[in-house]
Amino acid sequence: MNPVGRGGDRLIVEISSTVPEPSVRELLSYATSIKKVDKAYKSYIQSANQQLFGYVKEQQTVGCIGIEINAQHGVIKHIAVSPEERGKGIGGQMIAFLSEQYSFATVSAETDKDAVAFYRSLGFVITSLGEKYEGVERFLCVLSPN
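Per chain, residue numbering runs from 1 following the sequence as it is written. Two thresholds apply to this predicted model, a pLDDT of at least 70 for residue-level local features and 80 or more for giving and counting side-chain atom pairs, whereas whole-chain, interface and lining totals are computed over all residues. Remark: hydrogens and water are excluded; side-chain values derive from all non-hydrogen atoms of the structure.

**A few points about the pairing of strand β7 (residues 125–133)**
Right, on to step 1. As paired elements, β7 and strand β8 (residues 136–143) share 7 bridges and run antiparallel to each other. Within β8, the residue paired with V125 across the bridge is V142.
Right, on to step 2. Only when DSSP finds a minimum of two bridges between them are two strands counted as paired. Numbering of helices and strands runs from the N terminus, with a helix taken as a DSSP run of H or I at least four residues long and a strand as a DSSP run of E at least two residues long. If you look at the hairpin formed by β7 and β8, you'll find 2 residues sitting between the two strands, and G135 has a positive phi there, around 80°.

Structure (structure tokens):
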């Protein structure tokens, strides 16, 4: 892991190991199904336009955020925080880190109803995509940091 951002007791690191740490694997399982964790992780390691970062607190990876970089646009593919650390601003700090690290014109994420309030609280504009999967409404969340 390569340190790329610091602040207080936090350290944001680039995750590039070919084998995921158990804590990172568990975090990704919160953001996708357990069956898709290995495929998602492999995509971050092998793709030139995708990157995975970990939020380290007291030497433990307690959050992760994965992005796809498309020119001046960042797409949040996965974001997760360990249950015991939720509600402490870690997700917002990871998104703020992306804005500091990259000069994105926009940052977006597609999500379900459960995460809409989180993205809205950070200034994202929310648009319903309708029922993309049977019985599941999806939402596009877009932030223009500049």
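**Quick notes on the pattern of salt bridges**
Right, on to step 1. Should a side-chain nitrogen of Lys or Arg be within 4 Å of a carboxyl oxygen of Asp or Glu, the pair is scored as a salt bridge. Considering all chains together, one arrives at 6 salt bridges under this definition.
Right, on to step 2. E85 is paired through a salt bridge with K88; the nearest N and O atoms lie 3.4 Å apart.
Right, on to step 3. The rule is simple: take the accessible area with a 1.4 Å probe, protein chains only, and divide by the maximum for that residue type; under 20% is buried, over 50% is exposed, in between is partly exposed. For E85, a relative accessible area of 12% corresponds to the buried category.
Right, on to step 4. With relative accessibility at 47%, the residue K88 sits in the partly exposed group.
Right, on to step 5. Notably, a salt bridge pairs K132 with E110, separated by 2.8 Å at the nearest N-O pair. Of the two residues, K132 is situated in strand β7 and E110 in strand β6 (residues 106–112); the sequence distance between them amounts to 22 residues.

**What to know about helix α2 (residues 37–46)**
Structural remark: α-helix, 3.6 residues per turn; residues separated by three or four positions point the same way.
Right, on to step 1. For α2, the complete set of buried residues consists of V37, A40, Y41 and Y44. An end-on view of α2 places all buried positions within 95° of arc, on one side of the element. The exposed residues of α2 that point more than 90 degrees off its buried face are K39 and Q46. Working definition: the arc comes from the directions between the helix axis and the C-beta atoms, pointing outward to the latter.

**A closer look at unusual backbone geometry**
Right, on to step 1. Notably, Q59 is not glycine yet its phi reads approximately 65°, a positive angle.
Right, on to step 2. As for its position among the elements, Q59 is in the loop between β3 (50–57) and β4 (60–70).
Right, on to step 3. The backbone phi angle of A71 is positive, close to 55°, even though this residue is not glycine.
Right, on to step 4. In this fold, A71 is placed in the loop between β4 and β5 (73–81).

**Describing the layout of surface pockets**
Right, on to step 1. Buried and open spaces are told apart on a 1 Å grid over the protein atoms alone, a cavity being a set of points where a 1.4 Å probe fits but cannot get out and a pocket being an open set with protein on both sides within 12 Å along at least five of seven lines. Residues with an atom within 4 Å of a point are the lining residues. Grid points are joined across faces, edges and corners, and a volume is the space filled by probe spheres set on the points. Taken as a whole, the largest pocket spans an internal volume of roughly 1100 Å³.
Right, on to step 2. A31, T32, K77, H78 and E110 are the residues nearest the centre of the largest pocket, which is lined by 31 residues in total.
Right, on to step 3. Those elements giving two or more residues to the lining of the largest pocket turn out to be α1 (22–31), α2, β5, β6, α4 (116–121), β7 and β8.
Right, on to step 4. Looking at the lining of the largest pocket element by element, the count peaks at 7 residues for β5.
Right, on to step 5. Under the grouping applied here, Gly and all other residues not named as nonpolar or charged are polar, the nonpolar ones being Ala, Val, Leu, Ile, Met, Phe, Trp, Tyr, Cys and Pro and the charged ones Asp, Glu, Lys and Arg. Looking at the lining of the largest pocket residue by residue, the class counts come to 15 nonpolar, 8 polar and 8 charged.

**A short note on the side chain of T32**
Right, on to step 1. Looking at the element boundaries, T32 is found in the loop between α1 and α2.
Right, on to step 2. Only heavy atoms matter for contacts: two residues are in contact if any of them lie within 4.5 Å across the pair. If we ignore the near neighbours within four places in the chain, the residues touching T32 are V37 and H78.

**Comments concerning the packing of α1 against α2**
Right, on to step 1. Fitting a line to C-alpha atoms yields each axis, with helices limited to the stretch in contact; the angle taken between N-to-C directions then spans 0 to 180 degrees. Packing of α1 against α2 brings their axes to within 9 Å, and their N-to-C directions diverge by 110°. On the basis of their axis angle, the class for α1 and α2 is roughly perpendicular. Handedness of the α1/α2 crossing: right-handed. Between α1 and α2, the residues in contact are V24, R25, L28 and S29 and V37, D38 and Y41, respectively.
Right, on to step 2. The class makeup of the residues in the contact of α1 with α2 is 4 nonpolar, 1 polar and 2 charged. If an angle is under 35 degrees, it is roughly parallel; if it is over 145, roughly antiparallel; if it lies from 65 to 115, roughly perpendicular; otherwise it is oblique. By the definition used in this description, the sense in which the near helix is turned from the far one sets the handedness, with an anticlockwise turn below a right angle giving left-handed and a clockwise turn giving right-handed.

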